[in-house]
Amino acid sequence: MLLIDCPHCGPRDEVEFHYGGQAHVPYPEDPYALTDREWAEFLFYRDNPRGPFAERWQHSVGCRKWFNAVRDTATYEFLEVYPMAAPAPSAGGGLTGNGPVGSGSTRSGPVGSGSAGSGSA
Amino acid sequence: MHLRRSPAHGAAAEMAAASVAGPPGVMLREIAFAPQLGVRTVPGSASASRIERALGVSLPSSVGETTGDPDALHCVWISPDEFLTIDVSRTQEHGEAGAVAAALDDDRPGAGRVPGQVVDLSGNRAILELTGPSARAVLEKGCHVDLHPRAFPVGHAVSTLVGPVPMIVHRSHGETFRLLPRSSFAQYTVRWLIDAMLEFRTIRA
Amino acid sequence: MTAGRVGPDCSPGHGIDRTAPITVTVDGRPMAAFAGDTVASAHIASGRLSCGPSLYLSRPRGIVAAGVEEPNALLTVDARTPGGPSESMLPATTVEAVEGLSARWLQGMGVLDPLGDDAYYDRKYVHTDVLIVGAGPAGIAAAREAAKTGARTVLVDEQSMPGGSLLSGRGETVDGVDAVAWARTALERLTGQPDFAYMHRTTAIGSYDANYVVAVERRAADVDTPAAPGVPRERVWHIRAKRVILATGAHERPLVFADNDRPGVMLAGAVRTYLNRYAVAAGKNIILATTDDSVYGLLEDLHSAGIAVPLVVDSRPEPSARARAALEATGARGAFGAAVVGTSAGADASTEVGTSEGVGTSADGQADAGDEGRVTAVSFAPVDEFGRPSGDVETAAADTLAVSGGHSPVLHLHTQRQGRVHWDESLAAFVPEAPVAGQAVVGSANGAVSLGVALEQGAHAGHSAAAETGARGPLVVPTASAVAPGPVRPLWLIAAPHGSAAPGSPDRDGGPGESDLGESAASDGRSGVGDSRDDRPGTSDDEDDDAAFAPERWSTHFVDLQRDQTVADVLRAIGAGMRSVEHIKRYTSISTAGDQGKTSSVNAMGVIASLLEDADPASVGTSTNRPPYTPVAFAALAGRRRGELYEPARVTNIHPWHVAHGAEFEDVGQWKRPRYFPRTDEDMDAAVLRECAAVRTTVGFQDVSTLGKIEIRGTDAPEFLNRIYTNGFAKLPVGRGRYGLMCGADGMLFDDGVTMRLAEDRFLMTTTTGGAAGVLDWLEEWHQTEWPHMDVFFTSVTEQWNTIAVAGPRSRDVVAKIAPDIDVSNEAFGFMEFREAQLSNGIPARICRISFSGELAFEVNVSAFYGLAAWELVAEAGEEFDITPYGTETMHVLRAEKGLVIIGQDTDGTVTPHDAGMGWAVSRLKDFIGKRSFQRADTVRPDRKHFVGVLPVDGVTRLDEGAQLIAAGTPVTPEAGPVPMIGHVTSSYVSAELGRPFGLALVENGFNRMGEIVQSPVDGTLVDVEITSSVFIDPEGKRRDG
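Just so it is clear, the model here is predicted, and its values are computed rather than measured.

Asks: Would you mind showing me how to read the interface of chain B and chain C here?
Replies: Size of an interface: often given as the accessible area lost when the parts come together. Counting residues at the interface gives 49 residues for chain B, matched by 54 residues for chain C. Of the roughly 4500 Å² buried at the junction of chain B and chain C (both faces included), carbon and sulfur atoms supply 50%. At the surface where chain B touches chain C, the tally comes to 11 salt bridges. Note that Asp122 of chain C and Lys141 of chain B form a salt bridge whose closest N and O atoms lie 2.7 Å from each other. Run the count over chain B and chain C and you get 35 residue pairs in polar contact (both at pLDDT 80 or more). Within the residue set of the side of chain B that touches chain C, elements represented by two or more residues are strand 6 (117–120), helix 4 (135–139) and helix 5 (186–204) of chain B. In terms of residues, the side of chain B that touches chain C owes the most to one element, helix 5 of chain B, which gives 9 residues. Here the residues of the side of chain B that touches chain C sort into 17 nonpolar, 16 polar and 16 charged.

Asks: Please clarify how the pairing of strand 42 (residues 857–863) of chain C should be interpreted in this entry.
Replies: Residues and elements named next belong to chain C. With 7 of its 7 residues buried, strand 42 lies for the most part within the structure. Two strands pair when backbone bridges link them, and strand 39 (residues 801–807) and strand 42 are joined in this way by 7 bridges, in the antiparallel orientation. By the bridge assignment, Asn802 is partnered in strand 42 with Val862. The pairing of strand 41 (residues 844–848) with strand 42 spans 4 bridges and is antiparallel. Counted as the bridge partner of Ile847 is Val860 from strand 42.

Asks: How should the UniProt feature "domain: GCVT N-terminal" (unreviewed entry) in chain C be read in this particular structure?
Replies: In this structure's numbering, the residues bearing the UniProt feature "domain: GCVT N-terminal" (unreviewed entry) are residues 654–923 of chain C. Segment residues 654–923 of chain C splits into 27% helix and 28% strand. End C-alpha atoms: 39 Å apart.

Asks: Explanation requested: the sheet that holds strand 46 (residues 983–991) of chain C in the structure shown.
Replies: In sheet architecture, strand pairing relies on hydrogen bonds along the backbone and comes in two forms, parallel and antiparallel. Residues and elements named next belong to chain C. The strand order 44-47-46-45-48-49 describes a closed barrel built from 6 strands, whose pairing is antiparallel. Sheet twist, expressed as the mean angle between neighbouring strand axes with direction ignored, is 45°. Relative to strand 49 (residues 1021–1028), strand 48 (residues 1013–1018) is paired through 6 bridges, and the arrangement is antiparallel. Considered in strand 49, the bridge of Val1018 is made with Thr1021.

Asks: Explanation requested: the UniProt feature "domain: Aminomethyltransferase C-terminal" (unreviewed entry) in chain C in the structure shown.
Replies: Look at the UniProt record and you will see "domain: Aminomethyltransferase C-terminal" (unreviewed entry) annotated at residues 948–1034 of chain C. With 0% helix and 47% strand, the stretch residues 948–1034 of chain C has end C-alpha atoms that lie 16 Å from each other.

Asks: I keep staring at empty space enclosed by the protein and nothing clicks. Help me out?
Replies: Left-over empty space is what a probe sized like a water molecule reveals as it rolls over the atoms. All names here are of chain C. One pass over the full model with this rule turns up 11 cavities of 30 Å³ or more. The volume enclosed by the largest cavity comes to roughly 270 Å³. The leading source of residues in the lining of the largest cavity is helix 14 (residues 601–611), at 3 residues. Here the lining of the largest cavity is composed, by residue class, of 7 nonpolar, 10 polar and 1 charged. What the second largest cavity holds in volume is close to 90 Å³.

Asks: Would you take a moment to explain the side chain of Arg61 of chain C for this structure?
Replies: All names here are of chain C. Tracing the sequence through the fold places Arg61 in the loop between helix 1 (39–45) and strand 4 (74–77). Among the residues examined, Arg61 registers a relative accessible area of 1% and is labelled buried. One polar contact links the side chain of Arg61 to the main-chain carbonyl oxygen of Leu561, over a distance of 2.9 Å. Each residue touching Arg61, except ones within four places of it in the same chain, is listed here: Ser50, Cys51, Gly52, Ser54, Asn72, Asp261, Pro263, Phe558, Leu561 and Asp564.

Asks: Sorry, what's going on with the pattern of salt bridges here?
Replies: Two side chains with opposite charge may pair up if their charged atoms get near one another. One pass over the structure, following the stated rule, counts 82 salt bridges over all chains. In this structure, the salt-bridge partner of Glu96 of chain B is Arg90 of chain B, at a minimum N-O distance of 2.5 Å. Residue Glu96 of chain B is classed as buried on the basis of its relative accessible area, which comes to 13%. For Arg90 of chain B, a relative accessible area of 35% gives the class partly exposed. Arg61 of chain C is the partner of Asp564 of chain C in a salt bridge, and the nearest nitrogen-oxygen pair spans 2.7 Å. You can see Asp564 of chain C sitting in the loop between strand 29 (558–560) and strand 30 (565–566) and its partner Arg61 of chain C sitting in the loop between helix 1 and strand 4, a full 503 residues away along the chain. Looking at Asp564 of chain C, the relative accessible area reads 1%, which means it is buried. Linked through salt bridges whose partners overlap, the residues forming this network are Lys141, Asp195 and Glu199 of chain B together with Asp122, Glu217, Arg235 and Arg640 of chain C.

Asks: Can you help me understand the state of the cysteines in this one?
Replies: What is meant by a disulfide is a covalent connection between two cysteines, made through their sulfur atoms. With the rule as written, the count across this model stands at 0 disulfides over all chains. Of all cysteine sulfurs, the one in Cys6 of chain A lies closest to Cys63 of chain A, which takes part in no disulfide; the gap is 3.7 Å. A residue is classified by how much of its surface remains accessible, and Cys63 of chain A, at 1% relative accessible area, is buried. Free cysteine: Cys75 of chain B, not disulfide-bonded; nearest cysteine sulfur from Cys9 of chain A at 15 Å.

Cut-off values and rules
- Residues numbered from 1 in each chain as written.
- Chains lettered and ligands numbered in written order.
- Predicted model: local features only at pLDDT ≥ 70, side-chain atom pairs only at ≥ 80, totals over all residues.
- Heavy atoms only, no water.
- Contact = heavy atoms within 4.5 Å.
- Buried area = accessible area lost by both parts, 1.4 Å probe.
- Salt bridge = Lys/Arg side-chain N within 4 Å of Asp/Glu carboxyl O.
- Polar contact = N/O pair within 3.5 Å; in protein donor to acceptor, adjacent residues only side chain to side chain.
- Helix = DSSP H or I, 4+ residues; strand = E, 2+ residues; numbered from the N terminus.
- Nonpolar A, V, L, I, M, F, W, Y, C, P; charged D, E, K, R; others polar.
- Buried < 20%, exposed > 50% of the residue type's maximum accessible area, 1.4 Å probe, protein only.
- Pairing = 2+ DSSP bridges.
- UniProt positions renumbered as here; feature names shortened; annotations may be inferred.
- Axes fitted to C-alpha atoms, helices over the stretch in contact; angles between N-to-C directions.
- 1 Å grid on protein atoms, 1.4 Å probe; cavity = no way out; pocket = protein on both sides within 12 Å on 5 of 7 lines; lining within 4 Å.
- Points joined across faces, edges and corners; volume = space filled by probe spheres on them.
- Disulfide = S-S within 2.5 Å.

And the structure:
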């Protein structure tokens, strides 16, 4: 039973959370500028490292807020928890996603550039 | 009034029968039809101050915190921009959210619309009250959150799970916990609690 | 002296209450016992050791151990309370003797009680600063230091009383007082402290991430409190601890020699436990065999109890100081540099077999009559530097052989958390390399070899753990002897002397066990399939280069008693090419029985190391322990989540009416929704036909309160919805609703529903019942992670409202009656509009014109607590029109007749709006989630699966939902090979309106196959099916406005 430190609610049991897949997979700035292959890679391709991995979690039973965390996939230890808007911690080499394009910063365009839709539903 | 039917209606007799006063007993009842408002706003914003003024109670600022009077109007922190107000001293009326919601739409000169949301949620959650020396022990049969008084003092409230049911758990008084599951879960929650209380009736007997 | 119960002058009997005699019954034989006994100790007290025969080889077996590691003595315990379970495969060494308990020795496989288990089980969540597992000396020292700081401290222990290994000894002191009394007093002082809990009879079975430990408490009802309603028989504790201290002790290992499985061969520590804790002597003439100093305490204790110990066989070449002193004091003979090479069960013993009747109750402990195959003599011989017998074999008479092959720290909980271990050569044991983060391992679990060291480790760990949680107190280390024991000389396997007539050989060559081996190995496939060395007994392999390791010479060298696996089986595994302990374990099944190899696992590694070249236990390594440490009843894990508490049943305010009117319910997610309302003698088909006809011809009403509802406010709400829905919402006028589709970024349909505009900046979105939570999460996800600057807020109001659908040509008449204040005419109240209204009984309502059937229809929304009153009002108002309640099945048929898709039934995450024939709802003007994917090569393929209607050509056969569709004439034979599928039936019903069955389907290139006849299997026969439009009724939409 993982103990996950929600940035808003503090440490809570894993059962209160929803897993959101790899973090920092930015929604492309302009999806229409991508080839079909690049778009498919954004939709379907994710890293699967052994070791530190930046991923998204939502405290679904509590505050319902999304946040990012770095978790070691071999030991299950949470190394860091940080807000959605923050960049990936430099500590974890190989943490950043390999999304094909995009800066990862939020913007106000019609379909933006964070990482929604990349791991759920 | 007779047209209303509370979420745990029909279980009142069972709850009373399952309750045992005095050590190590535990009692269960429903608080029906209390007005509840869902509030979405960011504390410290103009919206928040308008809402606080209209409500007459300040919004809590961090997890676990409640403000106001647990026996009348009080406010529970749900997330950094989500709150639930509950007034257990009276009964919901039609248009309950109107006055507070209107504060966000204030169209008087110099005021103007502000972001945020206020919604009448009086029917959205049931309010069950578990009281007695064994109330904590009953909840510990299904609540992952630490209910020790040092970790969960009087006035503390969180959204969590009790058994398989998501709910708000609010320690309103020393030995009293208010449980606020969504209304559709009320009947199941009552059965779950009555079953969990059985042990303490037996010990007493 | 005799075997059986000994008096207070001979044993402290730490664990029993001699003033509380009780009787237990095993195999119908009543046995006298005392409170505190286990069934095993009571059995031994009655003069016997033997239990049921071994499972695979049917060899006679006896009690080996005194705790959870027992591999042989399994019981089936009869139900102890009315409705309670009869439990199989319980080690007799762990079943506490209570008055009236009745059990049988397990014969063969255990069985789950076919009558079920009505006992009460429970669960509890606990948080603590410090959790200590094990109430032996190290654990108690840790608990004392932690608890006195005020830190929340929980001490769990599988035993019924504190003391752990101290209960097995005598004469030891801690802080100058008797060690057992010290343990008891220390805990008594802690008990009553508000934040200290000592949980006895509680086994920590699993250790999980972030110091989450699961423990099973065997509670009162069976042991010391009468069963009562709500008092759980067992309770599973879920403990989250800031710090964990493992003081889990060590298990003794047997020795691997020929016929090491006879009744009477016991672990030395167990013999000592029975003597000192339970005041029972396992035998009256006991030989000890050891590889270290650990048996010499037993030697002294047996001697002072007056039990004969003629001989100690010690593998070490020279006696240690401890050994020398004990031998001198007791007069026992010590054979050093020697090992036991075999046992025998003489004729005398076997003649006693038939005398079991009536012997057992003998309170005078008349020896061991009835122990079939019990040891009568022990053979031993000098061993060379490699541990091989290398001299004359001597034989000595004995009724019991107490063996010690060393001690293995109990590190299951440590390794479950990926804690590493390393091989300690001086201890001949795997010990923790370092504790897991936030944990400590102390005492013999950490390789502590003296009481003094164990106490010191425990006290320091308890003190530090509390300090790490912020609680401090003065450190006090209890003092006790810390004399280091002498050296260890492990023996992993001891050959039977070659050519010598080992005492057990008659048995080995002709005994029932031996003749079963071949059969057993051959029949269950455990012996090497494809193994070129088919080494079943009787097959000669004299040609083999290494005749010494011919498996038949090792077929009674048992490694795993519960699995009946021997060194011969390990040899076969190696012969089949296995080298890794993980492979050999799986090939042989060693360590995979109910005891999880507590006595066999390390020995297996030692055996493997001895058989492989250039290997030692360190290089062979350990296998992985997994929870649970000891078996757990399924019922305990289920706890109170069974019956009506198994899964939450969500119900609407109207639910009691549905129940009162005989609804049959359907589970939709956690909701209980009426599926149909059968009248007397109606089956589902008849009821649904009637309900459908009512809606199509007059009026019906349905509880649709379960649909998800989300209230949305914000200046950016219109734009937000534009991005979420495939169709446009920004220009939706206030006061109107619109049906919308949602897709994932991959362009596949994900949810649908009607959203109404309440004000310029306020919307009320509805979702599917099953999608309610997911859609709210979806909105929040995009808002929080992509568009945080947009002014928009969402609040779920699903449960704030109850919604009643009123559908059918007469629905307007009904709504006009219940809402007299509003004009419900088509001109005044258009489709997809809504009105705020006050119902005739005063209830405030919002009424919408929405249809999911194609008929004129309304939805009446009221605050949830008015749901039932509003429903009853509709029922009353509709009475004159014969209004009919309908359920989800009728709703499904009605929408299917109209060709309306149900997301999740007719779609499966691979269907685009275009595939579903809803390209009309996809905007070409704006961007939205999923739009880019509609340009992908795969989504523009013309031959994608399309949503179409299917009509069985014969007009009477109902297709099966989920059934495949194939092109007409496709051969469906094994010879023709795989059958190309062109699609499948997603929905299938009988239509009252059409007077025939019909269906919906996803079919490759379906839009271009209208009129084509395809085929689908029904009850094993292919039926012809015509592909049609998905809209079966009213394609022009004339009925919508009534």
